[in-house]
Amino acid sequence: MNRGNVITDVSDITRRSKFIFTNTMVCLLKGLEGKRVTVEIRNDYTIQGYLMHVDAAMGLNMSKVLMSNVKGQTTRLELFYIQGRNIRYIHIPDEVDIIKTMNWELKKKSMSRVGDMANRRLMGNKNMDKRNKQR
């Protein structure tokens, strides 16, 4: 459970991030991991680089970045992080089929959920075994 800035239940983070993943465009961005993308951010900078990781809040970790401003000044950076709230646009590469990418990511996520449930059941059985042995 999240009360203000204090997180009281870690499982709440997981449930929330799964909800965000399946109900927003984050699943499309996850499908772009490893590809070269262009991101425009709110302070009029353009960031081009390889998308390495996307988190549930749409934060982007990028590598081999070329950052340029409206005056044309550029800076090369090895690693760069963009908070989701600072993103204005993300240019999707032409070779990406948006619908197929989103469906694939949602399918992967649902398959991992089935694995999570199986693991929880297995761990629940192991915990029950431990309790029974202690008695």
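Everything numeric here is computed off the predicted structure, so don't read it as measured data. (Residues numbered from 1 in each chain as written. Predicted model: local features only at pLDDT ≥ 70, side-chain atom pairs only at ≥ 80, totals over all residues. Heavy atoms only, no water.)

### Description of the side chain of Ser68
- Residue placement: Ser68 occurs in strand β5 (residues 60-68).
- With a relative accessible area of 19%, Ser68 lands in the buried category.
- Beyond its immediate stretch of four places on either side in the chain, Ser68 contacts Asp44, Tyr45, Thr46, Gln73 and Thr74. (Helix = DSSP H or I, 4+ residues; strand = E, 2+ residues; numbered from the N terminus. Buried < 20%, exposed > 50% of the residue type's maximum accessible area, 1.4 Å probe, protein only. Contact = heavy atoms within 4.5 Å.)

### Concerning the sheet that holds β5
- One open sheet holds the five strands; their spatial order is β6-β5-β4-β3-β7, and the pairing between them is antiparallel. Every other strand in the sheet has two partners, leaving β6 (74-82) and β7 (87-91) as the edge strands with one partner each. Across the sheet, the axes of successive neighbouring strands diverge by a mean angle of 30 degrees, strand direction being ignored.
- Summarising the sheet, β5 and β6 pair through eight bridges and their orientation is antiparallel. If you follow Asn61 over to β6, its bridge partner there is Tyr81. (Pairing = 2+ DSSP bridges. Axes fitted to C-alpha atoms, helices over the stretch in contact; angles between N-to-C directions.)

### A few points about the nonpolar core
- Val39, Ile47, Leu51, Leu60, Met62 and Ile82 are the most contacted members of the largest nonpolar core, which totals 16 residues.
- Within the residue set of this core, elements represented by two or more residues are α2 (26-31), β3 (36-41), β4 (46-54) and β5.
- In this view, Leu60 contacts Leu29, Val39, Leu51, His53, Val54, Phe80, Tyr81, Ile82, Ile87 and Ile90; residues no more than four positions away in its chain are not counted. (Core = buried A, V, L, I, M, F, W, Y, C linked by side-chain atoms within 4.5 Å.)

### Examining the environment of Arg16
- By secondary structure assignment, the location of Arg16 is in helix α1 (residues 10-23).
- Sequence separation between Arg16 and Ala56 is 40 residues, and the spatial gap between their C-alpha atoms is 8.6 Å.

### Notes on the packing of aromatic side chains
- Within the structure shown, the criterion is met by zero aromatic pairs.
- Note that Arg36 overlies the ring of Tyr50, its terminal NZ or CZ placed 5.4 Å from the centroid. (Phe/Tyr/Trp six-rings, centres within 6.5 Å; stacked < 30°, edge-to-face > 60°. Lys NZ or Arg CZ within 6 Å of the ring centre and 35° of its normal.)

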